[in-house]
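The residues making up each chain are set out below.
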Amino acid sequence: MFMYEMPTRLYFGKDCLKGAGKDLKQLGKKALIVTGRHSAKINGSQKAVTDALESEGVAWVLFDQIENNPSIDTVRRAADFGKSQHADFVIGIGGGSPMDAAKVIALLCTNELDDAALFTGPYVRPLPIVTVPTTSGTGSEVTKVGVLTNHHAGTKQSVNTPLIFPVLSYADPSFTESVSTTVTMDTAVDALSHAIEGYMSRKSTPMSDVWAEEAMRFLGPHLTDLEGNIPYVVREDLMYGATTAGMVIAQTGTTLVHGMGYQLTYYKGLSHGRANGLLLPGYMRLMTETMEDKVEKIWDILGFSGLQDFADCLHSLMPERVFLTEEEIEEYVRLTLPTGAVASTPYEVNGEVIARLYRELA
Ligand SMILES: [Fe+2]
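Residues numbered from 1 in each chain as written. Predicted model: local features only at pLDDT ≥ 70, side-chain atom pairs only at ≥ 80, totals over all residues. Heavy atoms only, no water.

**Concerning the overall build of the protein chain**
Tallying secondary structure elements over the protein chain gives 15 helices and eight strands in all. In summary, the protein chain has a C-alpha radius of gyration of 19 Å against a globular reference of 21 Å for 362 residues, a match within 12%. Counting over 362 residues, the protein chain shows a buried share of 60%. Taking all contacts inside the protein chain whose residues are at least 6 apart in sequence as the whole, residues at least 24 apart take part in 79%. Per element, the accessible surface of the protein chain, about 14500 Å² overall, is 53% carbon and sulfur. Taking the 30 positively charged and 44 negatively charged side chains of the protein chain as two groups, their mean positions are separated by 7 Å. (Helix = DSSP H or I, 4+ residues; strand = E, 2+ residues; numbered from the N terminus. Rg over C-alpha atoms; globule rule 2.2 N^0.38 Å. Buried < 20%, exposed > 50% of the residue type's maximum accessible area, 1.4 Å probe, protein only. Contact = heavy atoms within 4.5 Å. Areas by Shrake-Rupley, 256 points an atom, 1.4 Å probe, with all protein chains shown as cover. Lys, Arg positive; Asp, Glu negative; His and termini not counted. Charge placed at Lys NZ, Arg CZ, Asp CG, Glu CD.)

Next comes the structure, spelled out in structure tokens:
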């Protein structure tokens, strides 16, 4: 038995927001647009959204103060603003941070939740959520997860409920054309990690595997051409790969790589994709012990001869090392071990396994 859930209406392709006004108008009279400070203004996405809204006479207000790895305080401020403005729905434009924030903001507009209940529920229906990705990585445009920084818990933590699946998503690869080489690399590796982890996960299903293989087919060939001027057709493949990988983790969630990576982002300031990329080779070595058939399929689809070839490729993209003290490792193990990401990993994961993977980053 398995369940497949993908309730988001997804539009994909260049200029897909043209004519979006009619769908958006169905969601209400006033939108709360949620973005970071700059990129949505620079890459044309914010203008494309407001043009679509205005074409149908839908009013909008803007909250453009979402930081990377948004905090609980920030989403609470945005939700208070949205409520004071009587917003009917929320549109998140940007990378994972603004889209994840938009989902939680929509939830906080209709739910009174303290900082503990925010991550556990129960919840009532949020305001309708619309997402417009401007990076090719997170897949948040088609998932039911909003990741926040929880300073009380000292890590990143997820709000996870089918209620926060976006109702509408507009994935236009041209919005990623101004994304830097580093961010393009980091986000592509994040998307790859979603496809691989979802494919490995104890929660994988025949249908999530179809999307995982599709995502790897589109991401794999570009891992070696992510430098310099990236043409639109490659941007399109990367966004398609990231979105389909998002559809994978919407079914499976992530596994050990993400579970461990959150500590590297929170405590060491590594970007999310880079943290995952550094951990992936060690993770794949574990997977060759328990999931050999699927690992072979991955090398085949991605075009690598084996683990060493894959590790060499990631090391050339992300050459940095991370030096952790034994105290740091002990703390990160404590934070990682109880997570669902560990439970979904098809390996006997214990503290020593996690500690060894962290030590190998040096
Ligand atoms: Fe991720």
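Read on for the rest.
**Quick word on the sheet that holds strand β2 (residues 30-34)**
Taken together, six strands build an open sheet; the order of strands is β1-β8-β5-β4-β2-β3 and the sheet is parallel. In the strand order of this sheet, the two ends are held by β1 (9-12) and β3 (59-63), each with one partner. For this sheet the average axis-to-axis angle between neighbouring strands, irrespective of direction, equals 20°. In this sheet, strand β4 (residues 89-94) lies alongside β2 in parallel orientation, the contact comprising four bridges. Bridging across to β4, I33 finds its partner in I91. In the packing of helix α4 (residues 72-84) onto the sheet, contacts are made with β2 and β3, and the angle to β3 comes to roughly 155°. In the packing of helix α5 (residues 96-108) onto the sheet, the strands contacted are β2, β4 and β5 (129-133), and the crossing angle to β4 comes to about 165°. (Pairing = 2+ DSSP bridges. Axes fitted to C-alpha atoms, helices over the stretch in contact; angles between N-to-C directions.)

**Points about the UniProt feature "domain: Alcohol dehydrogenase iron-type/glycerol dehydrogenase GldA" (unreviewed entry) in the protein chain**
Here, the residues flagged by UniProt with the feature "domain: Alcohol dehydrogenase iron-type/glycerol dehydrogenase GldA" (unreviewed entry) are residues 7-173. Within the segment residues 7-173, helix and strand shares are 28% and 25% respectively, and the terminal C-alpha atoms sit 22 Å apart. (UniProt positions renumbered as here; feature names shortened; annotations may be inferred.)

**Details of the UniProt feature "domain: Fe-containing alcohol dehydrogenase-like C-terminal" (unreviewed entry) in the protein chain**
Under the UniProt annotation, the feature "domain: Fe-containing alcohol dehydrogenase-like C-terminal" (unreviewed entry) is placed at residues 184-318. A helix fraction of 79% and a strand fraction of 0% characterise residues 184-318, whose end C-alpha atoms lie 12 Å from each other.

**A short note on the pattern of salt bridges**
Taken as a whole and assessed by the stated rule, the structure comprises 17 salt bridges. The salt bridge partner of D23 is R9, with a shortest N-O separation of 3.2 Å. Highlighted residues: D23 in helix α1 (residues 21-25) and R9 in strand β1, separated in sequence by 14 residues. Taken together, the shared-partner salt bridges in this structure form one network comprising K22, K25 and E56. (Salt bridge = Lys/Arg side-chain N within 4 Å of Asp/Glu carboxyl O.)

**Details of the coordination of the iron ion**
Protein-derived coordination of the iron ion comes from D190 (OD), H194 (NE2), H258 (NE2) and H272 (NE2), at a distance range of 2.1 to 2.2 Å. Each of the four donor atoms bound to the iron ion contributes to angles spanning 85 to 170°, and the resulting shape is irregular. Mapping the donors of the iron ion onto the primary sequence yields the spacing D-x3-H-x63-H-x13-H. With D190 and H194 both in helix α6 (residues 181-200) and four residues apart, the pair spans about one turn of that helix. The exposure classification of D190 matches that of H194, with both residues buried. (Donors = N, O, S within 2.8 Å, 3.2 Å for Na, K, Ca; no water. Tetrahedral: all angles 85-135°; square planar, octahedral: opposite > 155°, others 65-115°.)

**Things to note about the environment of V145**
You can see V145 is positioned in strand β6 (residues 145-150). Not counting chain neighbours up to four residues away, the residues in contact with V145 comprise D100, K103, S140, S158, V159, N160 and I164.

**Points about the pairing of β5**
Within β5, five of the five residues are buried, which leaves it mostly tucked inside the rest of the structure. With burial as the criterion, each face of β5 is covered, one bearing I129, T131 and P133 and the other bearing V130 and V132. As judged from the five bridges shared by β4 and β5, these two strands associate in the parallel manner. By the bridge assignment, V90 is partnered in β5 with I129. This β-α-β element, β4 to α5 to β5, shows right-handed connectivity. (Right-handed = clockwise from strand over helix to strand, strands pointing away.)

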